[in-house]
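# Breakdown of the fold
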Amino acid sequence: RAVTLLAPGRVSPEMPIEAAILILLHLQRHHRPGARLLVASTEPGVKEYRAHLEELAADLSLTGIRSLENLTTSQWAACFWAANAFLHVAAYDATGAACRDAVHAGLPVFGLPSGAGADLLGVSAVLSPYEDWGTLAAAIDLCLEDHTVRAQLLAEQRLRCASSSEAAREAWASFFRQLAPL
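From a predicted model like this one, the values you see are computed outputs, not experimental measurements. (Residues numbered from 1 in each chain as written. Predicted model: local features only at pLDDT ≥ 70, side-chain atom pairs only at ≥ 80, totals over all residues. Heavy atoms only, no water.)

### Thoughts on the nonpolar core
Leu5, Ile21, Leu37, Leu87, Phe110 and Ile140 are the most contacted members of the largest nonpolar core, which totals 35 residues. Among the secondary structure elements, those contributing two or more residues to this core are strand E1 (4-8), helix H1 (17-30), strand E2 (36-40), helix H2 (47-59), strand E4 (85-88) and helix H6 (133-145). It is H1 that provides the largest number of residues to this core, a total of 8 residues. Contact partners of Leu37, with chain neighbours within four places excluded, come to Leu5, Ala7, Ala20, Ile21, Leu24, Gly64, Ile65, Arg66 and Leu87. The next biggest cluster of nonpolar side chains, apart from the first, holds 18 residues, and it includes Leu38, Leu71, Trp76 and Val103. (Core = buried A, V, L, I, M, F, W, Y, C linked by side-chain atoms within 4.5 Å. Buried < 20%, exposed > 50% of the residue type's maximum accessible area, 1.4 Å probe, protein only. Helix = DSSP H or I, 4+ residues; strand = E, 2+ residues; numbered from the N terminus. Contact = heavy atoms within 4.5 Å.)

### Brief notes about the sheet that holds E4
Spatially, E3-E2-E1-E4-E5-E6 is the arrangement adopted by the 6 strands of the open sheet, whose pairing is parallel. Every other strand in the sheet has two partners, leaving strand E3 (65-68) and strand E6 (126-127) as the edge strands with one partner each. In this sheet, E2 lies alongside E1 in parallel orientation, the contact comprising 5 bridges. Across the sheet, the residue bridging to Leu5 is Leu37, located in E2. Where helix H3 (residues 73-82) meets the sheet, it contacts E1, E2, E3 and E4, and its direction lies at approximately 145 degrees from that of E1. H6 contacts E1, E4, strand E5 (109-111) and E6 of the sheet and is inclined by roughly 165 degrees relative to E5. (Pairing = 2+ DSSP bridges. Axes fitted to C-alpha atoms, helices over the stretch in contact; angles between N-to-C directions.)

### A few points about the side chain of Arg150
Tracing the sequence through the fold places Arg150 in helix H7 (residues 147-179). A distance of 3.0 Å separates a polar side-chain atom of Arg150 from the backbone oxygen of Gly106. For Arg150, the residues in contact, after removing those within four places along its chain, are Asn84, Gly106, Leu107, Pro108, Cys143 and Leu144. (Polar contact = N/O pair within 3.5 Å; in protein donor to acceptor, adjacent residues only side chain to side chain.)

### Details of the pairing of E2
Of all 5 residues in E2, 4 are buried; the element is thus mostly enclosed. Taking the sense of rotation as the criterion, the β-α-β connection linking E1, H1 and E2 turns out right-handed. One ladder, built from 4 bridges, connects E2 with E3; its direction is parallel. Residue pairing for E3: Leu37 is matched across the bridge by Ile65. Handedness of the crossover joining E2 and E3 through H2 is recorded here as right-handed. (Right-handed = clockwise from strand over helix to strand, strands pointing away.)

### Quick word on the packing of H1 against H6
Describing two packed helices takes the angle between their axes plus the distance from one axis to the other. In contact at an axis separation of 8 Å, H1 and H6 are set at 65 degrees when each is read in the N-to-C sense. Considering the relative orientation of H1 and H6, their crossing is right-handed. For the pair formed by H1 and H6, the contact residues are Ala19, Leu22, Ile23, His26 and Leu27 on the first element and Trp133, Gly134, Leu136, Ala137, Ile140 and Asp141 on the second. (Left-handed = near helix turned anticlockwise from the far one by under 90°.)

Here you go:
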């Protein structure tokens, strides 16, 4: 089966989908020629930005990119089950929910060190600064090739999510205890 990378998020300038496209470029050219990219969102995208991304993909002679928008909850979940790896390319991510969904679906997380997703997963995610697309592509390839590496990475990511959830529950409980006397 061909490798599918999932990049969740609204197709808009605030979501640098170009990063996912460039990771796919390196993955296709150096590791997995049949790799695909699925950009998925529960919201509508920005038509002009979508056209920009299509032009970028055409300029790079990339194939295998699909964008799905206005997804229902079950369609959104199906995207996670159809993918082999998750790309965290959000410039801003307030909750890290998509990264948590990816980990629960058994997808290793790769991407940019930004937002709550990066904070949630910390050192257990494979994060790399902008423009180091080749390193991320190589890491994705290694993880998909070596099942032991994949299992270890997912175990660490699951542990981080679990401990983060417990810490978040305690933080909210503390906050509400402070409000109780008011």
